[in-house]
Amino acid sequence: MKGDLKMSIKSNDKRKNILKAIRFERPDFIPMTFHINDACWQYYPQDDLSELIESHKFLFPDYIRPEGRYTPNFAAVARKDAPFTDDWGCVWETTIDGITGTVTRHPLADWSAFENYKAPDPNTCMGIGPIDWNSVEKEIAAQKEKGDITYGGLRHGHTFLQLCDIRGYQNLILDMADEEPNLMKLISMVEEFNMAIVNKYLAIGVDILTYPEDLGMQNGPMLSPEHFRRYIKPSYQRLMKPARDKGIIVHMHSDGYIRDLVDDLIDGGVEIINLQDLVNGIDWVASKFAGKVCVELDIDRQSITVNGTPQQVDALVREEVEKIGRKEGGLMMIYGLYPGTPLENVKALMDAMEKYAFYFN
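**Structural notes on the sheet that holds strand β4 (residues 102-105)**
The strands that make up a sheet pair up through hydrogen bonds in the backbone, lying either parallel or antiparallel. Taken in spatial order, the three strands line up as β2-β3-β4 in an open sheet, and their pairing is antiparallel. Edge positions in the open sheet fall to β2 (84-85) and β4, since each of these has one partner strand only.

This is the structure:
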């Protein structure tokens, strides 16, 4: 019965179901997303990975196996041994094709360069690569025609991490502590660029606007709550307000431990909070959000799925659904596959996500 249901779910049904989950309107199933990083196609045997995808139609309804060997078109920022200079002048480097690198050269490592420093043009780029807004508009229109839920949003790392990329993490934290007068000018420059991107997507019209930005480390946030409230939260609130005013759903993603910042994020207008499970604690996530705010739970990529058994993987997903999920909704789940996870655990995770999506039915 549930297997037949999985096969029959259409795009419009998924769209309605996601909206029900967000709004606590008793969704038919828990929305599940399984993302496969491009680097995986070089790490795993491609036939094995394709067979797993093909055998999980609920997670991958539109997958078509490519003919011959598949070579992803890696983003410029994720190409091995090919330093990439982004639109802000930050230089990125990576050692693995498909894995976004790190900034190794910061254009404003010294404030003496600030006088002649200019923001990029949001009409032609996202800050980390070019964008064709006409193509984006056509793609979103096609998604609407198909009945898909539509997304727009800022680049990952749009504000705090963008400042880190421009200045360097240590320099930025010291700027905040020292109340560096140029910092507010730089924040305003970054915010003006981001607001233009927000307004582009609002003009096109989307269901959900995303504001992805990692703020956490393994055991705490990357900046103090006090500095977040002073320097980052006001910009977040201004960037989210136009979406809220138009009734667009606001989605916020952050990796890492963000328990000390999350009240300020929700206060800023976030309606869907995407955060990691084990880093923040399943019980804490449940007590904080279950039945109150929609959680898109980022399933562990560090511990159980990498080093555990298939049985432990299944038990993890079940525990999260039981503790955070509600018949009324408020839970979505997402997993990002990267090289290193055993294929038997990948299968167990796909199986569990498909099985427990219908836990409350």
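**A word on the confidence of the model for the chain**
The share of residues in the chain with pLDDT of 70 or more is 97%, and the mean pLDDT across the chain is 95. Every residue in residues 1-8 is under pLDDT 50, and counting partners more than four places away or in other chains gives nine contacts.

**Observations concerning the environment of P31**
Note that P31 resides in the loop between α2 (11-23) and β1 (32-36). Along the primary structure P31 and K14 are separated by 17 residues, whereas in three dimensions their C-alpha atoms are 7.8 Å apart. Here P31 is in contact with N17, I18, A21, L331, M332 and M333, once residues within four sequence places are set aside.

**Concerning helix α5 (residues 133-146)**
Helical geometry: 3.6 residues make up each α-helical turn, so side chains three or four residues apart lie on a common side. An ideal rise of 1.5 Å per residue puts 20 Å on 14 residues; α5 measures up with 20 Å between its terminal C-alpha atoms. Buried residues of α5: W133, V136 and I140, and no others. All buried residues of α5 project into a common sector of 55° when viewed along the axis, lining one side. Those residues of α5 that are exposed and angled more than 90 degrees off the buried face are N134, K138 and E145. Among the residues trailing α5, G147 stands out with phi positive, at a value near 100°.

**Focus on the packing of aromatic side chains**
Applying the stated criterion across every chain, the model contains 15 aromatic pairs. Measuring from centroid to centroid gives 5.4 Å for F29 and F58, while their planes differ by 80°, and the two rings are edge-to-face. Taken together, the residues F29 in the loop between α2 and β1 and F58 in the loop between α4 (46-54) and β2 connect sequence positions 29 residues apart. Each member of the pair, F29 as well as F58, is classed as buried. Here the aromatic cluster, defined as three or more aromatic residues joined through ring pairs, consists of F29, F58 and F358.

**Some thoughts on the sheet that holds strand β8 (residues 272-276)**
Strand order in the open sheet made by the seven strands is β1-β10-β9-β8-β7-β6-β5, with parallel pairing throughout. Only two strands of the sheet have a single neighbouring strand rather than two, namely β1 and β5 (151-153). Within this sheet the neighbouring strands show an average axis-to-axis angle of 20°, counted without direction. Across three bridges, β5 lies against strand β6 (residues 208-212) in parallel orientation.

**Concerning the nonpolar core**
Counting residues in each nonpolar core, the largest one holds 101 residues, and the members touching the most others are F34, F160, L186, Y211, L215 and I273. For this core, the element with the most residues is helix α8 (residues 181-204), which contributes twelve residues. Counting residues in each nonpolar core, the second largest holds ten residues, with I149, I208, C294 and M332 among its members.

**Some words on empty space enclosed by the protein**
The tally for this structure, following the rule as stated, stands at one cavity of 30 Å³ or more. Lining the largest cavity are Q276, D277, L278, V279, D298, I299, D300, R301 and Q302. Of the residues forming the lining of the largest cavity, the biggest block, three residues, is contributed by helix α11 (residues 277-280). When its residues are assigned to classes, the lining of the largest cavity shows three nonpolar, two polar and four charged.

**As for the side chain of D97**
Secondary-structure assignment places D97 in the loop between β3 (91-93) and β4. This buried residue, D97, is left without a salt bridge; K80 holds the nearest opposite charge, at 6.5 Å. Dropping the residues within four chain positions of it, D97 is found in contact with A39, Q42, F74, A78, R79 and K80.

**Regarding the environment of F84**
Within the secondary structure, F84 is located in strand β2. By relative accessible area, which is 17% here, F84 ends up buried. Counting along the chain gives 107 residues from F84 to E191, while the straight-line C-alpha distance between them is 23 Å. Beyond its immediate chain neighbours, meaning those up to four positions away, F84 contacts A76, V77, C90, V91, W92 and I128.

**Remarks on the pairing of strand β7 (residues 249-254)**
Judged by how many residues are buried, β7 sits mostly within the fold: six of six residues are covered. Burial of the side chains of β7 extends over both faces: I249, H251 and H253 are buried on one face and V250, M252 and S254 on the other. Here β6 pairs with β7 via five bridges, running parallel. Bridge pairing links Y211 to M252 in β7. Pairing of β7 with β8, which is carried by four bridges, proceeds in the parallel orientation.

**Observations regarding α8**
Between its terminal C-alpha atoms α8 stretches 36 Å, which fits the 34 Å expected from 24 residues at 1.5 Å a residue. N-capping of α8 is provided by E180, with a side-chain oxygen placed 3.0 Å from the backbone N of N182. The first or second residue beyond α8 is G205, which carries a positive phi of 95°.

About the cut-offs
Residues numbered from 1 in each chain as written. Predicted model: local features only at pLDDT ≥ 70, side-chain atom pairs only at ≥ 80, totals over all residues. Heavy atoms only, no water. Pairing = 2+ DSSP bridges. Helix = DSSP H or I, 4+ residues; strand = E, 2+ residues; numbered from the N terminus. pLDDT = per-residue confidence, 0-100. Contact = heavy atoms within 4.5 Å. Expected span 1.5 Å × (residues − 1). Buried < 20%, exposed > 50% of the residue type's maximum accessible area, 1.4 Å probe, protein only. Arc of directions from axis to C-beta. Phe/Tyr/Trp six-rings, centres within 6.5 Å; stacked < 30°, edge-to-face > 60°. Axes fitted to C-alpha atoms, helices over the stretch in contact; angles between N-to-C directions. Core = buried A, V, L, I, M, F, W, Y, C linked by side-chain atoms within 4.5 Å. 1 Å grid on protein atoms, 1.4 Å probe; cavity = no way out; pocket = protein on both sides within 12 Å on 5 of 7 lines; lining within 4 Å. Points joined across faces, edges and corners; volume = space filled by probe spheres on them. Nonpolar A, V, L, I, M, F, W, Y, C, P; charged D, E, K, R; others polar. Lys, Arg positive; Asp, Glu negative; His and termini not counted. Salt bridge = Lys/Arg side-chain N within 4 Å of Asp/Glu carboxyl O. Polar contact = N/O pair within 3.5 Å; in protein donor to acceptor, adjacent residues only side chain to side chain.

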